[in-house]
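Each chain, written out:
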Protein chains: 2
Amino acid sequence: MSNGELSSLFFLQMAAIIATCRAVGWLCHRYLGQPQVVGEMIAGVLLGPSLLGMVAPGIEAALFPAETKKLLYVGAQLGVGLYMFLVGLTFDRDEFRASAGPAAAVSIGGMIAPFAVAAAMVPWLMGMPGLFMPSVGTAQAALFLGAAIAITAFPMLARIIHERGLAGTRLGTLSLSAGAIGDAGAWIVVALVLASLGEGAGIAIKAAGGGVAFALVMVLIAPRVLAPLGGMAARRGVSEGMLALTLGLFLLCAWAMDTVGMHAVFGGFLLGTAMPRGVLAKGLRDKIEPFAVTFLLPIFFIYSGLNTQLQVLGQMNLIAATLAILAAAILAKGGACYIAARLAGETHDTALGIGALMNARGLMELIIINIGLQHKVIGQGLFAMLVLMAIVTTLMATPLFALTRRGRTAEPAA
Amino acid sequence: MSNGELSSLFFLQMAAIIATCRAVGWLCHRYLGQPQVVGEMIAGVLLGPSLLGMVAPGIEAALFPAETKKLLYVGAQLGVGLYMFLVGLTFDRDEFRASAGPAAAVSIGGMIAPFAVAAAMVPWLMGMPGLFMPSVGTAQAALFLGAAIAITAFPMLARIIHERGLAGTRLGTLSLSAGAIGDAGAWIVVALVLASLGEGAGIAIKAAGGGVAFALVMVLIAPRVLAPLGGMAARRGVSEGMLALTLGLFLLCAWAMDTVGMHAVFGGFLLGTAMPRGVLAKGLRDKIEPFAVTFLLPIFFIYSGLNTQLQVLGQMNLIAATLAILAAAILAKGGACYIAARLAGETHDTALGIGALMNARGLMELIIINIGLQHKVIGQGLFAMLVLMAIVTTLMATPLFALTRRGRTAEPAA
């Protein structure tokens, strides 16, 4: 395929990707009251081998030939890296620090239970072919599955809390801080698994050492080094030069984390948390988010969908495993958070609301399992199971949460 | 190269590309008073085989291996397509229509002279190997070179006019309308050349017919079909859905123009001119421009620079040809516009200002000659000559223009 043919096909692919994501997103919003992200998760599966590839393999092959996969992969990595940078940018360090008492209880409950059920299930799952890769040990498998169950769609949670005007309430503060702690914990575990996967001690040490060194720099040093940028932005607005500098830093952080054997998303996210807040953060968001979320992120959903083969689950034992993982995820994350909140003295409705929000995994789950597939932790089978788990738990969140808020008219309808 | 290695290298490439473009842009602005675009044009040449490839071939090969060229090509096409969409979005249809009298004289002068000198020079240039491709006829060569000499950096011209507060003045109106007419004419000629290049009548008819049909739809029908979007944006702001719809339309237009054998930039530009003005145009600009100009467009400058081999010009006759093309370009565009403005009754200073601005070719020239190289109209030699011509004529504009404005303190310094 010549350069000209490739770029021309890329334009057509992207038109199909954006149109499908928007159309399915609109349908899910209009008829199911679901946020856009749910539609895009489903759109990815629809354009992949699970639907389009099955009913119209000719169109699928013409629209997504093998030669374009590399291009889509890079676009997806860029989109998801920038998205995690934006998540980091809105991550409230104070909420994270101020999370004492009940938040700690909820987040610890929401962390321990997933890893416990993962450890319990892994010996059974490892007996089925195609779920975990042969080179992965039991501990690594349990940690990865635990993280996949423990993760929360933190950005979606934050948006729901803010849209419903719950940001200052007990429910809001609790969910946000518990979600932040839980997600940080889950990502650290994923990082540990990736670091431990390196063949030979040298590669593992490079990944772990590089990751820890990078995280320390981003948490302890970068905020101070970057602080003057915040002052400049406050005085003069966010210039094109500041945007270019930020994008350059983002690219270097993403590259560094890829290079040590971690993943670009860590670089993006940690840089986001280290950027000065205020005018700069808002300006960067306004300039990066529209293109990243509307153009680049759909590439990730479609790339993930192209990897999703739901038909591999067409056996009784795999269907049983799928349902078991789904039930375990709902009980060990949503259920555990509910119980922890109740034990910490919250009402039934508040606890149920927290459980519903913490149980939604959304895009975060897709990011983790795509990393797992790419780094050869999990196989096509478990990948497909976890895609289904991500979609179902995210679909559940909005109606469940609405149920706990019934009769409360003080908050905006959003 | 695995997907992971490719995306990791892409992050590093992009960091180097953005850093170089910004650094050279800053130096050119700080020490030469030049706009950012001049720096980026030079940065592209510096990172290519003309400098980096010569002094540090190892770094050049490691940073831009052949496997990444396709990726950079697609990124460059996307950047330049979106850029032309933004140019179309700011293209003032009223200025174009209201250009009677002197503007017509200037723009006709600025159109006829370039094609005349191109026709005069082409027989000589075609005698040198590597300037035009063997399949190109004399008429096609003269038309293409004429368009390359006639083109004006319309977006740069518009920015200078607006930044200096000259938008309502005689100089401002004249330059803007003459630039718009001239550029439209030059692009039509490029389109004709591309259409005529198709092997066999069928391909030429497809390109010409497809191009004309598309242009008619975009000029006559699309503005009316798209008008309700403008009203929606005025009432409710520019939503994510509207941005997605616009990007989807852009991609389809770019794909359509690529597919008939024209080029994606025509699709982007014509769609831009057809979009409703007001809140929608401003909102789309705010959401697309930062990422397109700061992240994607530098890929185009670097891709163009990777194709630029100034060392192929190391022969006396080629150096003579380069100087002749440069002199012809300055006289036939800047000089002709000056004379036309004088004949139409303008003062010496106004006419000189118009000539200086019309003579700057900037990014527009790079777009045209990259299309020429890609569609096998011109070879490496003429490409390198025209890169030099583009840089020199763009470098000239700001100091020349400042000279004509000396002693006028009424306008902001900008």
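Just so it is clear, the structure is predicted and the values come from calculations on it, not from any experiment.

> Which residues make up the overall build of chain A, and what are the values?
A tally of helices and strands in chain A yields 18 helices and 0 strands. Radius of gyration (C-alpha) of chain A: 21 Å, near the 22 Å computed for a compact globule of 414 residues. For chain A, the C-alpha atoms occupy an extent of roughly 55 × 50 × 50 Å along the three principal directions. When burial is assessed residue by residue, chain A has 59% of its 414 residues classed as buried. Surface summary for chain A: the accessible area is close to 15400 Å², and the carbon and sulfur share equals 70%. Here chain A contributes 24 positively and 18 negatively charged side chains, and the mean placements of these two sets differ by 6 Å.

> Before we move on, could you go through helix H8 (residues 138-150) of chain B and cite the residues and values that matter?
Think of an α-helix as turning once every 3.6 residues; residues three or four places apart then point the same way. Residues and elements named next belong to chain B. In a regular helix each residue adds 1.5 Å, so 13 residues correspond to 18 Å; H8 covers 18 Å between its end C-alpha atoms and thus fits that length. Most of H8 is tucked away: 10 of the 13 residues are buried. Among all positions of H8, only Gln140, Ala141, Ala142, Phe144, Leu145, Gly146, Ala147, Ala148, Ile149 and Ala150 are buried.

> Requested: an account of the packing of helix H1 (residues 3-32) of chain A against helix H5 (residues 69-90) of chain B, with residues and values cited.
Angle between the axes and distance between the axes: these two values describe a pair of packed helices. Orientation of H1(A) relative to H5(B), taken along the N-to-C sense of each, is 55°, at an axis distance of 9 Å. Overall, the two elements H1(A) and H5(B) adopt an arrangement that is oblique. Judged by the sense of rotation from one axis to the other, the crossing of H1(A) with H5(B) is right-handed. In contact with A:Asn3, A:Gly4, A:Leu6, A:Ser7, A:Phe10 and A:Phe11 of H1(A), H5(B) contributes B:Lys70, B:Tyr73, B:Val74, B:Gln77 and B:Leu78.

> Give me the lowdown on the interface of chain B and chain A, citing residues and values where you can.
Facing the 43 residues of chain B at the interface are 43 residues of chain A. Regarding the contact of chain B and chain A, the summed buried area is about 4000 Å², with carbon and sulfur atoms giving 76% of it. The largest share of the area that chain B buries against chain A comes from B:Phe11, B:Leu251 and B:Phe291, three residues that together contribute 18% of it. Applying the counting rule to chain B against chain A returns 2 salt bridges. Between A:Arg22 and B:Glu240 there is a salt bridge; the shortest N-O distance is 2.9 Å. Here chain B is connected to chain A by 6 residue pairs in polar contact (both at pLDDT 80 or more). Of all elements in the fold, only helix H1 (3-32), H5, helix H12 (240-260) and helix H14 (279-306) of chain B reach the threshold of two or more residues within the side of chain B that touches chain A. A class-by-class count of the residues in the side of chain B that touches chain A yields 27 nonpolar, 11 polar and 5 charged.

> Describe in detail the relation of the copies chain B and chain A, supporting the description with residues and values.
The two copies are related by a screw motion: chain B maps onto chain A through a turn of 180° and a shift of 0.0 Å along the axis, at an RMSD of 0.0 Å. Taken together, the turn and the small shift mark the pair as related by a two-fold rotation axis. When the interface residues of chain B are mapped onto chain A, 100% of them again fall at the interface, so both copies present the same face.

> A description of the packing of helix H15 (residues 316-343) of chain A against helix H16 (residues 348-359) of chain A should follow, citing residues and the corresponding values.
All names here are of chain A. At a closest axis distance of 8 Å, the pairing of H15 and H16 adopts a crossing angle of 150°. Crossing geometry of H15 relative to H16 is assigned as right-handed. Touching Ala329, Ile330, Lys333, Gly334, Cys337, Tyr338, Ala341 and Arg342 of H15 are His348, Ala351, Leu352, Ile354, Gly355, Met358 and Asn359, all from H16.

> Any details on the environment of B:Leu297? Residues and values, ideally.
All names here are of chain B. Summarising the element assignment, Leu297 is placed in helix H14. Counting along the chain gives 160 residues from Leu297 to Gly137, while the straight-line C-alpha distance between them is 32 Å. Excluding residues within four positions of it along the chain, Leu297 makes contact with Gly79, Val80, Tyr83, Ala292 and Leu363.

> So what about the pattern of salt bridges? Which residues, and what values?
Taken as a whole and judged by the stated rule, the model has 8 salt bridges over all chains. A:Glu365 is the salt-bridge partner of A:Arg361, the closest N and O atoms lying 3.9 Å from each other.

> Help me get a handle on the packing of aromatic side chains, residues and values and all.
In the structure shown here, the tally under the stated rule is 17 aromatic pairs over all chains. For the pair A:Tyr73 and A:Tyr303, a centre-to-centre distance of 5.4 Å together with 70° between the ring planes defines the contact as edge-to-face. One end of the pair, A:Tyr73, is in helix H5 (residues 69-90); the other, A:Tyr303, is in helix H14 (residues 279-306), with 230 residues separating them in the sequence. Their ring planes at 10° and their centres at 4.7 Å tell us that A:Phe291 and A:Phe295 sit as a pair that is stacked. With A:Phe291 and A:Phe295 both in helix H14 and 4 residues apart, the pair spans about one turn of that helix. Residue classification places A:Phe295 among the buried positions, given a relative accessible area of 1%. Among the aromatic side chains, those forming a connected cluster through ring pairs are A:Phe10, A:Phe11, B:Phe85 and B:Phe250. The ring of B:Tyr31 carries the charged tip of B:Arg30 above its face, separated from the ring centre by 5.2 Å.

> Help me get a handle on unusual backbone geometry, residues and values and all.
The phi torsion of most residues other than glycine is negative, and most of the peptide bonds are trans. Backbone geometry places A:Lys376, a non-glycine residue, at a positive phi of 60°. Counting through the fold element by element, A:Lys376 comes out in the loop between helix H17 (362-374) and helix H18 (380-404).

> Can you break down a nonpolar patch on the surface residue by residue, with the values?
Residue and element names in this part refer to chain A. Nonpolar side chains collect at one region of the surface, where Val212, Leu216, Val217, Val219, Leu220, Ile221 and Val225 lie side by side and expose about 630 Å² of accessible area between them. Position of Val219 among the secondary structure elements: in helix H11 (residues 201-236). Under the relative-accessibility criterion, Val219 is labelled exposed at 53%.

> Lay out the side chain of A:Asp258 in plain terms, naming residues and giving numbers.
Topologically, A:Asp258 is positioned in helix H12 (residues 240-260). Put simply, A:Asp258 is tucked away with no salt bridge, and the nearest opposite charge, on A:Lys206, sits 11 Å away. If we skip the residues at most four places from it in the chain, A:Asp258 touches A:His263, A:Ala264, B:Ser7, B:Ser8 and B:Phe11.

> Explain the nonpolar core to me, using residue names and the numbers behind them.
Nonpolar side chains tend to gather and get buried jointly when the protein is soluble and globular. Within the largest apolar cluster, 321 residues are counted, with the highest numbers of intra-cluster contacts made by A:Trp187, A:Phe295, B:Trp187 and B:Phe295. Residues contacting B:Trp187, with those up to four places away along its chain left out, are B:Met84, B:Ile151, B:Val265, B:Phe266, B:Met364, B:Ile367, B:Ile368 and B:Ile371.

> Before we move on, can you summarise the environment of A:Gln13 with the specific residues and values?
Residues and elements named next belong to chain A. Locating Gln13 in the fold gives a position in helix H1. Classification of Gln13 as buried rests on a relative accessible area of 0%. C-alpha separation for the pair Gln13 and Ala208, spaced 195 residues apart in sequence, amounts to 38 Å. The residues contacting Gln13, other than those within four sequence positions of it, are Leu63, Phe64, Pro65, Thr68 and Leu72. There is a polar contact of 2.8 Å between the side chain of Gln13 and the backbone oxygen of Leu63.

> Tell me about the environment of B:Ile302, residues and numbers included.
Residue and element names in this part refer to chain B. On the secondary structure map, Ile302 appears in helix H14. Given the relative accessible area of 0%, Ile302 is considered buried. For the pair Ile302 and Leu46, spaced 256 residues apart in sequence, the C-alpha to C-alpha distance is 8.7 Å. Filtering out sequence-adjacent residues up to four positions away, Ile302 remains in contact with Ile17, Cys21, Ala43, Gly44, Leu47 and Phe64.

> Before we move on, could you go through the side chain of A:Ser8 and cite the residues and values that matter?
Mapped onto the fold, A:Ser8 is located in helix H1. When its relative accessible area of 12% is taken as the criterion, A:Ser8 is described as buried. With residues near it in sequence (within four places) discarded, A:Ser8 still touches B:Trp255, B:Asp258 and B:Thr259.

About the criteria used
- Counting from 1, residues in each chain are numbered in the order their sequence is written.
- Each chain gets a letter, beginning with A, and each ligand a number, beginning with 1, in the order they are written.
- Selection of residues for local features in this predicted model requires a pLDDT of at least 70, selection of side-chain atom pairs for listing and counting requires 80 or more, and totals for whole chains, interfaces and linings are taken over all residues.
- Only hydrogens and water are removed before side-chain values are computed, so all heavy atoms of the structure are retained for them.
- Secondary structure is summarised from DSSP: a helix means a run of H or I of at least four residues, a strand means a run of E of at least two, and numbering begins at the N terminus for each.
- C-alpha atoms define the radius of gyration, and 2.2 Å times the number of residues to the power 0.38 defines the globule rule.
- To sort residues, take the accessible area from a 1.4 Å probe on protein chains only and compare it with the maximum for the residue type: under 20% means buried, over 50% means exposed, and anything in between is partly exposed.
- Under the convention used here, a 1.4 Å probe and the Shrake-Rupley method define accessible areas, while residue burial counts only the protein chains that appear.
- Asp and Glu are treated as the negative residues and Lys and Arg as the positive ones, with His and the ends of the chain left uncounted.
- Where a charge sits is defined by one atom per residue type, namely NZ (Lys), CZ (Arg), CG (Asp) or CD (Glu).
- Expected helix span is given by 1.5 Å per residue-to-residue step, counting one fewer step than there are residues.
- Axis geometry follows a simple rule: fit a line to the C-alpha atoms, using only the stretch in contact for helices, then measure angles between N-to-C directions, giving values from 0 to 180 degrees.
- Small angles under 35 degrees read as roughly parallel and large ones over 145 as roughly antiparallel, with 65 to 115 read as roughly perpendicular and the rest as oblique.
- By convention the crossing between two helices is left-handed if the near helix lies anticlockwise of the far one by an angle smaller than a right angle, and right-handed if it lies clockwise.
- We call two residues in contact when some of their heavy atoms are within 4.5 Å.
- Put simply, buried area is the surface a 1.4 Å probe can reach on two separate parts but cannot reach once they are joined, added for both.
- Salt bridge, as used here: a side-chain nitrogen of Lys or Arg that lies within 4 Å of a carboxyl oxygen of Asp or Glu.
- We define a polar contact as two N or O atoms separated by no more than 3.5 Å, with the added condition that, inside protein, one atom must be a possible hydrogen donor and the other a possible acceptor, whereas residues neighbouring each other in sequence contribute only through side-chain atom pairs.
- As a working rule, the residues Ala, Val, Leu, Ile, Met, Phe, Trp, Tyr, Cys and Pro are called nonpolar, Asp, Glu, Lys and Arg charged, and the rest polar, with Gly in that last group.
- Least squares is used to superpose the copies, and the fit set is the C-alpha atoms of residues whose pLDDT is at least 70 in both copies.
- Centre distance within 6.5 Å is the pairing criterion for rings of Phe, Tyr and Trp, where only the six-membered ring of Trp is used; planes under 30 degrees apart are then read as stacked, over 60 as edge-to-face, and the remainder as tilted.
- Sitting over a ring, as applied to charges here, requires NZ of Lys or CZ of Arg to be within 6 Å of the ring centre and within 35 degrees of the ring normal.
- Note that patches include only residues with greater than 30% relative accessible area and no salt bridge, and the join distances are 9 Å for like charges and 5 Å for nonpolar side chains (Val, Leu, Ile, Met, Phe, Trp, Tyr).
- To define a nonpolar core, start from buried Ala, Val, Leu, Ile, Met, Phe, Trp, Tyr and Cys residues and group those joined through side-chain atoms within 4.5 Å.

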